[in-house]
Amino acid sequence: MFDTKIVIQVIASTMSLLGIVLGIFFTWKANKRSKYIEIITNQTIKNMLFLRENASCFSALTRPEIINSDAINNYKFQLMQASVNIESIMKYRFDKEREIINIVRRMTKLALRYYDKPNKEIEKDLRLLNEKFYMLISVYDYSDWQYIKAQVKTRPFKEFPDYDVIYAKQKKLFEESNKPIKW
């Protein structure tokens, strides 16, 4: 009987110790996942804000009113810097991002031509491309924000939100919305 008590105590102690070890392991695993989500979310938000800042700067630098003004020193450098910053955050292997890169490049080339030799035809093309750029960035940016929110609410790699689904839904909603007035 004495041996049975010891065996029961050993089993109970082992179970308690196993419970403590498993508790520590699962706490560590949950903290690791939370930390991972926090790091990814923070970096995604930084990328989004970087893109917003450079997209607004680029949009301003490609407006004929700005190009024709003497207010900007080193215009060509600032324009190229804004366009390269946008390109650096975009990944050309994705259709939506490649479309933005392509429009940025077309607008940059047009803006440089307009800077060197202004004319009404280039001005008209710049305004049309600027409007298209604004719409693309608006949908992309808002979809990115929705994606970040969905990503934070789900478990990574398992219930991962599909950016293309979010983008398609937001694009449809943007297309159905009233557009802002033209410049």
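The structure we're discussing is the one just above.
Just so it is clear, the model here is predicted, and its values are computed rather than measured.

Each value, and the rule that gives it
Residues numbered from 1 in each chain as written. Predicted model: local features only at pLDDT ≥ 70, side-chain atom pairs only at ≥ 80, totals over all residues. Heavy atoms only, no water. Salt bridge = Lys/Arg side-chain N within 4 Å of Asp/Glu carboxyl O. Helix = DSSP H or I, 4+ residues; strand = E, 2+ residues; numbered from the N terminus. Buried < 20%, exposed > 50% of the residue type's maximum accessible area, 1.4 Å probe, protein only. Expected span 1.5 Å × (residues − 1). Polar contact = N/O pair within 3.5 Å; in protein donor to acceptor, adjacent residues only side chain to side chain. Contact = heavy atoms within 4.5 Å. Core = buried A, V, L, I, M, F, W, Y, C linked by side-chain atoms within 4.5 Å. Phe/Tyr/Trp six-rings, centres within 6.5 Å; stacked < 30°, edge-to-face > 60°. Lys NZ or Arg CZ within 6 Å of the ring centre and 35° of its normal.

## What to know about the pattern of salt bridges
Logical step 1: A complete count under the given rule lists 10 salt bridges for this structure.
Logical step 2: Here R98 ties to D95 by a salt bridge, and the two come within 2.4 Å at their closest N and O atoms. Linking R98 with D95, this pair stays in helix α4 (residues 95-116), spanning three residues, or about one helical turn.
Logical step 3: When its relative accessible area of 52% is taken as the criterion, D95 is described as exposed.
Logical step 4: Between D164 and K96 there is a salt bridge, with its nearest N and O atoms 3.2 Å apart.

## Considerations on helix α5 (residues 120-153)
Logical step 1: In this model, α5 (34 residues) spans 50 Å end to end at C-alpha, consistent with the 50 Å of a helix rising 1.5 Å per residue.
Logical step 2: Sitting at the amino-terminal end of α5 is N119, which places a side-chain oxygen 3.0 Å from the backbone nitrogen of E121.

## Describing the side chain of E97
Logical step 1: Counting through the fold element by element, E97 comes out in helix α4.
Logical step 2: Side chain to side chain, E97 and Y140 meet in a polar contact 2.8 Å long.
Logical step 3: In contact with E97, not counting residues within four places along its chain, are I89, M90, K91 and Y140.

## Topic: the side chain of Q170
Logical step 1: Tracing the backbone shows Q170 in helix α6 (residues 163-176).
Logical step 2: The buried category is assigned to Q170, whose relative accessible area is 9%.
Logical step 3: Ignoring any residue separated from it by four or fewer positions in sequence, one finds Q170 in contact with V139, Y142, S143 and Q146.

## Details of the nonpolar core
Logical step 1: Core analysis: the largest hydrophobic core is formed by 31 residues, its most contacted members being F58, I86, M90, I100 and F133.
Logical step 2: Per element, the largest residue contribution to this core is nine residues, and it comes from α5.
Logical step 3: With sequence-adjacent residues up to four places away left out, F58 is seen in contact with L79, A82, S83, I86, V104, M107, T108 and F133.

## Description of the packing of aromatic side chains
Logical step 1: Going through the model one piece at a time under the given rule, you end up with three aromatic pairs.
Logical step 2: Seen from their ring centres, Y75 and Y115 are 5.0 Å apart, and the 15° between their planes marks the pair as stacked. With a gap of 40 residues between them, Y75 in helix α3 (residues 75-89) and Y115 in helix α4 connect regions that are remote in the sequence.
Logical step 3: Relative accessible area serves as the criterion here: at 4%, Y75 is assigned to the buried category.
Logical step 4: Here the guanidinium or amino end of K96 rests over the ring plane of Y167, the centre of that ring lying 5.0 Å away.

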